[in-house]
Amino acid sequence: MKVAIDMKKVISIGECSLNIVIGNDGKPMGSMPGGRVANCAAILARKGFEVTMASEASADPVGDIVVSELSKYGVDTRSLDRFTEGHTPINVFTIDSDGKPATITRYEQYPDECFDIIWPKVEEGDVVLYGGYYSIDHRMRQRLSRFLDHCKEMKAILIYLPGFLPQQEPRVTRVMPAILENLEIADVVITRSIDLKMIFGVDDSETAYHSRIDFYCRSLISIDADKERICYYAGREVSTATIEPTSCRTMIWNSGAIAGVVAAIISNGIQASALDTPSEAVRESILQSAAEFAVEASNNMNENWQYIQ
């Protein structure tokens, strides 16, 4: 797909890290940049969308790898700060026989002060993707909140990806106020089953939507790898798309599905106002794109990327 040059851009705000993957035989399988937001940025840039990554990485060899890989896929990294006091995060994944993460060990050393970047210019219709622990980290929360408020004023479309590693914050109650603020300002929320369980204490996406999310944001897209489906909840309406089982076994499919949501919104010219009470046609077009991108990401991305999440 060739993207028109006058289409709106994507601003991705999230962590840049390096994932090291260990197979169930105890042998290293590879290492590549990680983070859902970063992976989504790479997938969209590879498809021809204009994508800017707003984040930080240390000026260390690990940070060099991350920035180089994002740039290789076409992501604009001029809003990615290179700090010197600390190290770029590393996540060590062990994979079970089904190709899914069994354990995750995290190593990080961020500076005490938040990252110092120049935020990209935001225009009406641009998509701002933000999430993970990065969106609730006390180091940058105040600055990010101001930027998101600005994006809302400019009528950009805000997509929130809740969820983070338990090692980053074992007590959800400490960060729940920031999570609720992120939900409230978002036009669309995209969750995984693991996010619903960890943050809201429920397994079922429909229950989570009606009891925890609908009050703050009307549009919820739930990515459920175990049930091999993607659901779009909007008020009392729900639409569902199924995913090929083989695709669900690769960790990259979540990022692919998210990229598909963003691609559909931009390519179809969907405005923020249409996402408050999305029509069936809007829901179906977004889910179709999410499903297609998820499968394509699993099947066609570089082999080294297929275990990144």
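What you see is a predicted model; the values in this text were computed from it and never measured. (Residues numbered from 1 in each chain as written. Predicted model: local features only at pLDDT ≥ 70, side-chain atom pairs only at ≥ 80, totals over all residues. Heavy atoms only, no water.)

## Some remarks on the packing of aromatic side chains
Operational definition: Paired rings are identified among Phe, Tyr and Trp, the last through its six-membered ring, by centres lying within 6.5 Å, and are further divided according to the angle between planes into stacked (under 30 degrees), edge-to-face (over 60) and tilted (the rest). Where helices and strands are cited, they refer to DSSP runs of H or I of at least four residues and of E of at least two residues respectively, numbered from the N terminus. For every residue, the accessible area (1.4 Å probe, protein chains only) is compared with the maximum for its type, and the residue is labelled buried under 20%, exposed over 50%, or partly exposed between those bounds. Only when the NZ atom of a Lys or the CZ atom of an Arg is both within 6 Å of the ring centre and within 35 degrees of the ring normal do we say a charge sits over the ring.
A full pass over the atoms with the stated rule returns five aromatic pairs. Taken together, a centroid distance of 5.8 Å and an interplanar angle of 65° make the contact between Tyr133 and Phe164 edge-to-face. In this pair, Tyr133 sits in the loop between β8 (127-131) and α3 (141-153) while Phe164 sits in the loop between β9 (157-161) and α4 (172-185), placing the two residues 31 residues apart along the sequence. A relative accessible area of 16% means that Tyr133 is categorised as buried. Centroid distance Phe215 to Tyr216: 5.1 Å. Interplanar angle 85°. Geometry classified as edge-to-face. The class for Tyr216 is partly exposed, based on a relative accessible area of 26%. Directly above the ring of Phe293 sits Lys47, whose terminal nitrogen or CZ lies 5.3 Å from the centroid.

## Side note on the pattern of salt bridges
Note the cut-off: In what follows, salt bridge is the name for a side-chain nitrogen of Lys or Arg lying within 4 Å of a carboxyl oxygen of Asp or Glu.
Enumeration over the complete set of coordinates arrives at 16 salt bridges. Lys121 is the partner of Glu123 in a salt bridge, and the nearest nitrogen-oxygen pair spans 3.9 Å. For Glu123, a relative accessible area of 35% translates into the label partly exposed. With a relative accessible area of 61%, Lys121 lands in the exposed category. Where Asp137 meets Arg139, a salt bridge forms, and the shortest distance between an N and an O atom there is 3.2 Å. Taking relative accessible area as the criterion, Asp137 reaches 5% and is therefore assigned buried. Through salt bridges with shared partners, one network takes in Lys9, Lys121, Glu123 and Asp126.

## Description of the confidence of the model for the chain
Let me state the cut-off plainly: Each residue carries a pLDDT score, the predictor's confidence in it, ranging from 0 to 100. Contacts were defined at the residue level, with two residues in contact if any of their heavy atoms lie within 4.5 Å.
The share of residues in the chain with pLDDT of 70 or more is 88%, and the mean pLDDT across the chain is 86. Model confidence for the chain, summarised as mean pLDDT per element, is weakest for helix α7 (residues 245-248) at 58 and strongest for β9 at 97. Note on residues 1-5: pLDDT under 50 across the span, and seven contacts to partners over four residues away in sequence or across chains. Segment residues 302-309: pLDDT under 50, and 33 contacts once partners within four positions in sequence are set aside and those in other chains are kept.

## Focus: the nonpolar core
Put simply, the rule is: Within this scheme, the nonpolar core is defined by two criteria: the residues are buried Ala, Val, Leu, Ile, Met, Phe, Trp, Tyr or Cys, and they are joined through side-chain atoms within 4.5 Å.
Of all hydrophobic cores here, the largest spans 57 residues; its most connected members are Leu44, Ile159 and Ile286. Here this core takes 11 residues from helix α8 (residues 252-267), the largest share from any one element. Leave out the neighbours within four places in its chain, and Ile159 touches Val127, Val128, Leu129, Tyr130, Val188, Ile190, Val261, Val262 and Ile265. Ile11, Trp119, Ala208 and Cys231 belong to the second largest nonpolar core, which has 38 residues in total.

## Considering the sheet that holds strand β12 (residues 229-234)
Quick note on the threshold: Pairing between strands requires that DSSP locate at least two bridges from one strand to the other. Orientation is described by lines fitted to C-alpha atoms, with helices fitted over the stretch in contact, and by angles between N-to-C directions that extend from 0 to 180 degrees.
Spatial strand order, β5-β4-β1-β8-β9-β10-β11-β12-β13: nine strands in an open sheet with mixed pairing. A single partner strand is all that each edge strand has here, and the edge strands are β5 (80-83) and β13 (237-242). Recorded for the sheet is a direction-independent mean angle of 15° between the axes of neighbouring strands. Here strand β11 (residues 219-224) runs beside β12; their pairing, made up of six bridges, is antiparallel. Among the inter-strand pairings, Ser219 is bridged to a residue of β12, identified as Ala234. Sitting on the sheet, helix α5 (residues 193-200) touches β10 (188-192) and β11, and the angle it makes with β10 is about 95°. Against the sheet, α8 touches β1 (10-13), β8, β9, β10, β11 and β12, its axis set at about 150° to β11.

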